[in-house]
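Reading the structure
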Amino acid sequence: SSSSLAGPYTNLGAASASSSLTTSTISTTYYRLITTCTVSALSNTTSVISYSVVNPGPCVCAAYGTSGASDAFDEEILSVKIGNWVNNSTCASVGPGPGSIQNRYSNYAGFVVPPDLCPSSTQNYTIQLGTCNGWYGVQYSIYADWNQDGLFTGPGELLVNVTTGVIQGNNTGTFAIPANVTLGTTRLRVIAVEGTVPGPTGSYTWGETEDYCVNIIAPPQISASGGSVCPGSPFVLSPSGAVSYTYAAPGGATLTGASATVNPLTASVYTISGTGANGCRSTPNTNASVTVNMYTAPNL
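Starting afresh in each chain, residues are numbered from 1 along the sequence in its written order. Given that this is a predicted model, residues contribute local features only at a pLDDT of at least 70 and side-chain atom pairs are listed and counted only at 80 or more, while totals for whole chains, interfaces and linings are drawn from all residues. Hydrogens and waters are ignored; side-chain quantities use all the structure's heavy atoms.

**What to know about the sheet that holds strand β6 (residues 75-82)**
Between any two strands, at least two bridges found by DSSP are needed for them to pair. Segments assigned H or I by DSSP are reported as helices when at least four residues long, segments assigned E as strands when at least two residues long, and all are numbered from the N terminus. Taken in spatial order, the 4 strands line up as β7-β6-β10-β13 in an open sheet, and their pairing is antiparallel. This sheet does not close on itself; its edge strands, each paired only once, are β7 (85-88) and β13 (169-177). Direction aside, neighbouring strands of the sheet carry axes that sit 25° apart on average. Two elements, β6 and strand β10 (residues 121-131), share 7 bridges in a ladder whose sense is antiparallel. What sits directly across from Ser 79, in β10, is Gln 128. Between the N-to-C directions of two axes lies an angle of 0 to 180 degrees, each axis being a line fitted to C-alpha atoms and, for a helix, fitted only over the stretch in contact.

Shown next, in the form of structure tokens:
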């Protein structure tokens, strides 16, 4: 193997009669095989192949603390729906990811396409709860690692904690996504427990934990230029960066449209927000703040 196509190449262990080799790599690595004839001792070298490592990010690779039931009986998570995205399972399902245990813990992080979520928004969810061998009532919580530090203990990372009124069937609600959330794939954990949810990690007796990735996408960055006009004269606000815009004028008035014409009497500041093609709205950090100043009138 070698880190470069041109070499130098290093033998991976002693010579072997096996026609296969199991190995691992943490970066792009090049391999070639040298075959030697036992009768003539002549050797030949294959063409070079390479394997590349794709880093799926902390949602998949971070060492998250474990969570799950110690007993496979009773309550189960049968469906998780976020907006229009949904993942269904049954009592016979086993999560495809590492650590999955039937009816106790299901790891879907990196194995199902994540839903896109927007910063500074409110998201609808539905958790369908059922039973694999008896229903005795549950509580459920939803956590998200917004800052992608491998924990669920940061500010606002407990999204939902429902302790009463949980039904066998669809349980609906909303959760908020912060404006300053880290972009990219983020781990989301759903825990349903017969009893009290012990927190984002830890063992409990009956219920199930499911892990997912969600994709936090960038909000539109709005830009616009200010200027100066005579008092009461029109000034056209012409922003860019989104597909639709809302203009907040001093005093609370709002306008909408691809552009807006204003007629300020004094120097004024306008805040422009927008919605991108992906449906995400701009955040306070990505809105445009435009100042329109007044020319000084002549003193006759």
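**Examining the layout of surface pockets**
Its boundaries defined by the atoms lining it, the largest pocket holds a volume of some 1000 Å³. Put plainly, a pocket is an open set of points on a 1 Å grid over the protein atoms alone with protein on both sides within 12 Å along at least five of seven lines, a cavity is a set where a 1.4 Å probe fits but cannot get out, and a lining residue has an atom within 4 Å of a point. Ser 18, Leu 21, Arg 32, Leu 33 and Ile 34 are the residues nearest the centre of the largest pocket, which is lined by 28 residues in total. When contributions to the lining of the largest pocket are tallied by element, the ones reaching two or more residues are β2 (34-36) and β4 (49-51). When residues in the lining of the largest pocket are grouped by element, the largest group, 3 residues, is from β2. Following the grouping adopted for this structure description, the nonpolar residues are Ala, Val, Leu, Ile, Met, Phe, Trp, Tyr, Cys and Pro, the charged ones are Asp, Glu, Lys and Arg, and the polar ones are all others, Gly among them. By residue class, the composition of the lining of the largest pocket is 11 nonpolar, 16 polar and 1 charged. Size it by volume and the second largest pocket reaches roughly 340 Å³. If you go around the second largest pocket, you meet 22 residues; those closest to its centre are Thr 66, Pro 98, Gly 99, Tyr 105 and Asn 107. The set of elements that each furnish at least two residues to the lining of the second largest pocket consists of α1 (58-61), β5 (67-69), β8 (105-107), β14 (184-193) and β15 (202-204). Broken down by element, the lining of the second largest pocket gets its largest block of residues, 3 residues, from β5. Its residues assigned to classes, the lining of the second largest pocket shows 10 nonpolar, 8 polar and 4 charged. Grid points are joined across faces, edges and corners, and a volume is the space filled by probe spheres set on the points.

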